[in-house]
Amino acid sequence: MQPLSRVKPSCATEWGSNSVMLKRPNVGIRTAQYIAEWSEIESLLGLFLAMLLHANQKAVLAIWSGLENRSAQLRTISSAARATLTEDHFHVVEAIMKIDIRSSMKYRDKLAHWSWGYSDQLEDALLIREPADKLTNMTHFVNLQQSSQVLSRDIPINFDTIYVITQSDLDPALTKLDTVQQRLLTLHGTIWERNDTKVRADLLNQLKEIPEIRAAINNQAASHGNP
């Protein structure tokens, strides 16, 4: 995603259209796909917690679903992993939560909760902005209209706070999400009791050898002053 100010410094934008995703179906379909695939990852996270706790899975999943937000859910996984796994194993879990789960979750939240718009001058893109930014903008517009005899539907906006999103943004994000899901499934394998000890250890080593995970583990160790 790039700020609109870098892509098209001067253009007309439209917001509040109920059919905005139909304007650019290639972007709309991939946005829906990302949100749907993230839901599957959330289910896998809940299952991972149930496996960690070796408890009544229905009870654990009920607790998981009842937590007030996903930050609390991830903290619960972290606490359970710290309490039940070896330190080495726990560090792998924390690395995956940091570099994969949290970053993907933030991206999903933008797609699901930010405001969408479009410009006829950007034929292959949609626009996205924070709801608070849009609301502030609209409030400013209402105040201007109330204090002026001139009525206009044009709302001055800050193009630095609006982002352009295209298929070329979403395709690599979806590829990354597929990778996250595969890593999470491998992580399940490291604690699944039907896998023997060697299989679980091999799967854990596979994850530890992934460069991004290894780097995250090393950075975590350095931040705590460990060798």
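In this text the structure is predicted, and so the values were computed from the model without any measurement.

Draft legend 1. Representation of the nonpolar core in the model. Grouped together as the largest cluster of nonpolar side chains are 49 residues, with contacts concentrated most on L45, I77 and I101. Sorting elements by how many residues they give to this core places helix α3 (residues 25-53) first, with eleven residues. Residues within four places of L45 in sequence aside, it is in contact with W64, L74, I77, M97, I101 and L184. Within the second largest apolar cluster, eight residues are counted, among which are L4, L122, L127 and F159.

Draft legend 2. Summary view of the environment of L74. Checked against the element boundaries, L74 lands in helix α5 (residues 70-84). Distance in space between the C-alpha atoms of L74 and I101 is 8.9 Å, their sequence separation being 27 residues. Dropping the residues within four chain positions of it, L74 is found in contact with L45, M97, I101, R102 and M105.

Draft legend 3. Structural view of helix α9 (residues 197-208). For α9, built from twelve residues, the straight-helix expectation of 16 Å at 1.5 Å per residue is met to within 8% by its first-to-last C-alpha distance of 16 Å. For α9, the complete set of buried residues consists of L203, L204, L207 and K208. Seen along its axis, α9 keeps its buried residues to an arc of 145°; they face one direction. If you follow the buried residues of α9, they end up packed against α6 (87-113), α8 (167-189) and α10 (211-223). Its side-chain oxygen 3.1 Å from the backbone nitrogen of K198, D196 forms the N-cap of α9.

Cut-offs applied
- Residues numbered from 1 in each chain as written.
- Predicted model: local features only at pLDDT ≥ 70, side-chain atom pairs only at ≥ 80, totals over all residues.
- Heavy atoms only, no water.
- Core = buried A, V, L, I, M, F, W, Y, C linked by side-chain atoms within 4.5 Å.
- Buried < 20%, exposed > 50% of the residue type's maximum accessible area, 1.4 Å probe, protein only.
- Helix = DSSP H or I, 4+ residues; strand = E, 2+ residues; numbered from the N terminus.
- Contact = heavy atoms within 4.5 Å.
- Expected span 1.5 Å × (residues − 1).
- Arc of directions from axis to C-beta.
- Polar contact = N/O pair within 3.5 Å; in protein donor to acceptor, adjacent residues only side chain to side chain.

So, to be careful, I would describe these as geometric facts and stop short of saying anything about function.
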